[in-house]
Amino acid sequence: VSRSPYIPRFDIQSVSASNLLPTPITGTTDLPRGGDAVSADGKYYYYTSDDLRLGNNDILNINSPVVIDIRPTSSADLDITRDGKIVIANNATASLEIHFGDKLDIDSENSLGGIQNLTLDPKRCILLGTSTYNSSGYHYLRTDNVNLTFYGVIYMPNAYLHVHNS
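Calculation criteria
Residues numbered from 1 in each chain as written. Predicted model: local features only at pLDDT ≥ 70, side-chain atom pairs only at ≥ 80, totals over all residues. Heavy atoms only, no water. Helix = DSSP H or I, 4+ residues; strand = E, 2+ residues; numbered from the N terminus. Contact = heavy atoms within 4.5 Å. Areas by Shrake-Rupley, 256 points an atom, 1.4 Å probe, with all protein chains shown as cover. Buried < 20%, exposed > 50% of the residue type's maximum accessible area, 1.4 Å probe, protein only. Phe/Tyr/Trp six-rings, centres within 6.5 Å; stacked < 30°, edge-to-face > 60°. Lys NZ or Arg CZ within 6 Å of the ring centre and 35° of its normal. Pairing = 2+ DSSP bridges.

*Asks:* I would appreciate a short explanation of the overall build of the chain in the present structure.
*Replies:* When helices and strands are counted, the chain shows 0 helices and 15 strands. Sequence separation of at least 24 residues holds for 76% of the intrachain contacts in the chain that already meet a minimum separation of 6. Accessible surface, the chain: about 8500 Å² in total, of which carbon and sulfur atoms supply 47%.

*Asks:* What should I look at first to understand unusual backbone geometry in this one?
*Replies:* Most peptide bonds are trans, and most residues other than glycine sit at a negative phi. Looking along the chain, the bond that leaves Thr-23 and enters Pro-24 is cis, with omega of 5°. Tracing the backbone shows Pro-24 in the loop between strand S1 (19-20) and strand S2 (28-31). For the bond running from Leu-31 to Pro-32, omega is 0°, close enough to zero to count as cis. Secondary-structure assignment places Pro-32 in the loop between S2 and strand S3 (44-48). Although it is not a glycine, Asn-56 sits at a positive phi angle of roughly 55°. Among the residues examined, Asn-56 registers a relative accessible area of 54% and is labelled exposed. In this structure, Asn-57 is a non-glycine residue whose phi angle is positive, near 70°. In this fold, Asn-57 is placed in the loop between strand S4 (52-54) and strand S5 (59-62). Owing to a relative accessible area of 52%, Asn-57 belongs among the exposed residues under this scheme.

*Asks:* What am I meant to see in the packing of aromatic side chains here?
*Replies:* Taken as a whole and judged by the stated rule, the model has 0 aromatic pairs. Lys-103 extends its terminal NZ or CZ atom over the ring of Tyr-138, reaching a point 5.6 Å from the ring centre. Positioned above the aromatic ring of Tyr-140 is the side chain of Arg-142, whose terminal nitrogen or guanidinium carbon lies 3.9 Å from the ring centre.

*Asks:* Where do I start with the pairing of S5 in this structure?
*Replies:* Regular strands place their side chains on alternate faces of the sheet. Pairing analysis gives 4 bridges linking S2 to S5, with the strands arranged parallel. In the strand pairing of S5, Thr-28 is matched with Ile-59. Strand direction decides the pairing type here: S5 and strand S8 (residues 85-88), joined by 4 bridges, are parallel. Looking at the pairing, Asn-61 lines up with Val-87 of S8.

Take it as geometry only, folks, not as evidence of what the structure does.
Encoded structure:
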């Protein structure tokens with residue numbers, strides 16, 4: 001977490017995705033799925049027609065380079081709570097980049113949910129948010145050292161991020 005005024009702000013580029021990621025995600029979903037299109041740069045690009053929410057033991061497994069664009073019409077929330085989890089595999093290619101436009105709520109506090117980056121490399125888990133809602137009670141990253149440590153990068157240049165615990 002940095003508050004330095006000397007960190008440059010970059011525009012977050014939108015992505016062009018060809019694979020629809022059905023929402024809500026229930027149970028366990030592996031990405032990529034058989035038959036999903038891979039782009040020329042070797043990444044799998046997905047988009048949602050609704051917020052991306054994981055909870056109640058829902059798991060999204062990332063096994064290759066994956067980019068997800070959350071782009072519903074009313075909002076674009078990334079919400080991981082109640083033991084919902086994204087797991088980035090510890091292999092040579094697995095990585096995750098998520099673009100979202102509204103609320104960020106990752107809550108692994110007192111649960112086994114959140115984002116589990118098995119590579120332990122923050123560059124392989126990037127969350128990019130374009131929200132301009134700048135209140136301390138809107139965007140959350142709640143982690144618990146005992147259960148799940150967050151290894152990743154969150155870039156939200158126009159919004160306040162409230163961090164709990166670790």
